[in-house]
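What the coordinates show
Here is what each chain is made of, one letter per residue.
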Amino acid sequence: MLFFLDTAKIDEVKEAAEMGILAGVTTNPSLVAKAGGDFKNIVKQICAIVEGPISLEVVAKNAKDLVKEARNLAKQAPNIVIKIPMGKEGIKAVTQLAAEGISTNVTLVFSVSQALLAANAGATYVSPFVGRIDDISWEGMDVVRDIVAVLDYYQFPTQVIAASIRHPLHVAEAAKAGAHIATVPFEVLEKLFDHPLTDIGVERFNKDWDKVKKK
Ligand code: E4P
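Before going into details, it helps to say that this report is about the structure given with it. Here the structure is a predicted model, which means the values were calculated and not measured.

The subject of this paragraph is the site of the ligand. Near the ligand the following residues occur: Asp6, Asn28, Lys83, Phe129, Arg132, Ala163, Ser164 and Arg166. Contact distances for the ligand include 2.5 Å between an oxygen atom and a side-chain N or O atom of aspartate 6. One of the side-chain nitrogen or oxygen atoms of lysine 83 is found 2.7 Å away from an oxygen atom of the ligand. Partitioned by chemical class, the residues of the shell around the ligand number two nonpolar, two polar and four charged.

Next up, the structure:
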């Protein structure tokens, strides 16, 4: 399972890229608003850092305008993926963009049937939102697992991005569920490094090494 970073903050993208584990970036209007600054400039800066897929969301109300918005965004770099909200107009737009060879990521997916519609339309990625399903007392990871199984059974090339990831356990469970990618907020990425036994182990080795050096 690959890691995408779920952010529009440049410093976070830079730091994750330096770690060498960053396969791509996903953004959404809320993340762009949180990052602040000019959207075009944010996109330019992310594109300068990341070679992998960068998902940018379109927000128009109908397929025609979604496609128009998508074409403009896609022009900016070859690795831009158009993130399109699930819905009839969104799926019409995905069909058109797939025919034009523009990559898409169908977002706000909460069920197997929605994922199947996206896959049939030719979506490159489908993003089930784990945390938001958990928030309504449902099991978000079951949806990811079922989508992976169904798309795999019917041999769709559409890849599954586990999105709305809230904590490290979501990451491990997404990998076990067979998600191709987990898109993680920077705070969650940082937490993946932590284990109390690692901290204890490092401290013990450092103390013992000090003893060796003193001899
Ligand atoms: C990414 O593709 C999604 O937009 C994002 O993970 C949503 O996360 P949230 O549910 O925490 O807002």
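Next comes the rest of the write-up.
For leucine 108, which is not a glycine, the phi torsion comes out positive at approximately 60 degrees. One can find leucine 108 in strand β5 (residues 104-109). For leucine 108, a relative accessible area of 31% corresponds to the partly exposed category.

Here we come to the packing of aromatic side chains. One pass over the structure, following the stated rule, counts three aromatic pairs. Aromatic pair phenylalanine 4 and tyrosine 125: ring centres 6.2 Å apart, planes at 70 degrees, arrangement edge-to-face. Residue phenylalanine 4 is located in strand β1 (residues 2-6), and its partner tyrosine 125 is located in strand β6 (residues 125-128); the two are separated by 121 residues in the primary sequence. Here phenylalanine 4 and tyrosine 125 have matching classes, each one buried. Between phenylalanine 110 and phenylalanine 129 the ring centres are 5.7 Å apart and the planes differ by 65 degrees, which places this aromatic pair in the edge-to-face class. One end of the pair, phenylalanine 110, is in the loop between β5 and α6 (112-121); the other, phenylalanine 129, is in the loop between β6 and α7 (130-135), and 19 residues separate them in sequence.

It is worth spelling out the pairing of β6 at this point. Covered by surrounding structure in β6 are Tyr125 and Ser127 together with Val126 and Pro128, the residues of both alternating faces. With three bridges connecting them, β5 and β6 associate as parallel partners. Within β6, the position partnered with valine 109 by the bridge is proline 128. Handedness of the crossover is the feature at issue here: the chain leaves β5, passes through α6, returns alongside β6, and the resulting connection is right-handed. Strand direction decides the pairing type here: β6 and strand β7 (residues 159-162), joined by two bridges, are parallel. Pairing of valine 126 across the sheet is with valine 160, part of β7.

With that settled, the discussion passes to the sheet that holds strand β2 (residues 24-26). Adjacent strands of a sheet pair through backbone hydrogen bonds, lying either parallel or antiparallel. Ordered by their spatial adjacency, eight strands build a closed barrel running β1-β2-β3-β4-β5-β6-β7-β8, and the pairing between neighbours is parallel. With strand direction ignored, the average angle separating the axes of adjacent strands in the sheet is 30 degrees. Inspection of the sheet shows β7 paired to strand β8 (residues 181-184) by two bridges, in the parallel sense. Each bridged residue has a counterpart across the sheet, and for alanine 162 the counterpart in β8 is alanine 182.

Moving on, we come to the side chain of serine 55. The topology assignment puts serine 55 in strand β3 (residues 54-57). For serine 55, the side chain forms a polar contact with the side chain of asparagine 105, separated by 3.1 Å. Dropping the residues within four chain positions of it, serine 55 is found in contact with Val25, Thr26, Thr27, Val81, Lys83 and Asn105.

A word on a negative patch on the surface. On the surface, Asp11, Glu15, Glu18, Glu187, Glu190, Asp194 and Asp199 cluster together to form a negatively charged patch. Within the residue set of the negative patch, elements represented by two or more residues are α1 (10-19) and α10 (186-191). The element best represented in the negative patch is α1, accounting for three residues. With respect to the helices, strands and loops of the structure, aspartate 194 is situated in the loop between α10 and α11 (196-214). Looking at aspartate 194, the relative accessible area reads 54%, which means it is exposed.

Helix-helix packing is described using two parameters, namely the angle between the two axes and the distance between the axes. Where helix α4 (residues 63-74) contacts helix α5 (residues 88-99), the axes come no closer than 8 Å and their chain directions differ by 45 degrees. Comparing their axes, α5 and α4 come out oblique. Every pair of crossing elements has a handedness; the one defined by α4 and α5 is right-handed. Touching Ala63, Leu66, Val67, Ala70 and Arg71 of α4 are Glu89, Gly90, Lys92, Ala93, Gln96 and Leu97, all from α5. Classifying every residue of the contact of α4 with α5 gives six nonpolar, two polar and three charged.

Rules of the game
- Residues numbered from 1 in each chain as written.
- Predicted model: local features only at pLDDT ≥ 70, side-chain atom pairs only at ≥ 80, totals over all residues.
- Heavy atoms only, no water.
- Near = heavy atom within 4 Å.
- Polar contact = N/O pair within 3.5 Å; in protein donor to acceptor, adjacent residues only side chain to side chain.
- Nonpolar A, V, L, I, M, F, W, Y, C, P; charged D, E, K, R; others polar.
- Helix = DSSP H or I, 4+ residues; strand = E, 2+ residues; numbered from the N terminus.
- Buried < 20%, exposed > 50% of the residue type's maximum accessible area, 1.4 Å probe, protein only.
- Phe/Tyr/Trp six-rings, centres within 6.5 Å; stacked < 30°, edge-to-face > 60°.
- Pairing = 2+ DSSP bridges.
- Right-handed = clockwise from strand over helix to strand, strands pointing away.
- Axes fitted to C-alpha atoms, helices over the stretch in contact; angles between N-to-C directions.
- Contact = heavy atoms within 4.5 Å.
- Patch = residues over 30% accessible without salt bridge, like charges linked within 9 Å, V, L, I, M, F, W, Y side chains within 5 Å.
- Areas by Shrake-Rupley, 256 points an atom, 1.4 Å probe, with all protein chains shown as cover.
- Salt bridge = Lys/Arg side-chain N within 4 Å of Asp/Glu carboxyl O.
- Lys, Arg positive; Asp, Glu negative; His and termini not counted.
- Charge placed at Lys NZ, Arg CZ, Asp CG, Glu CD.
- Parallel < 35°, antiparallel > 145°, perpendicular 65-115°, else oblique.
- Left-handed = near helix turned anticlockwise from the far one by under 90°.

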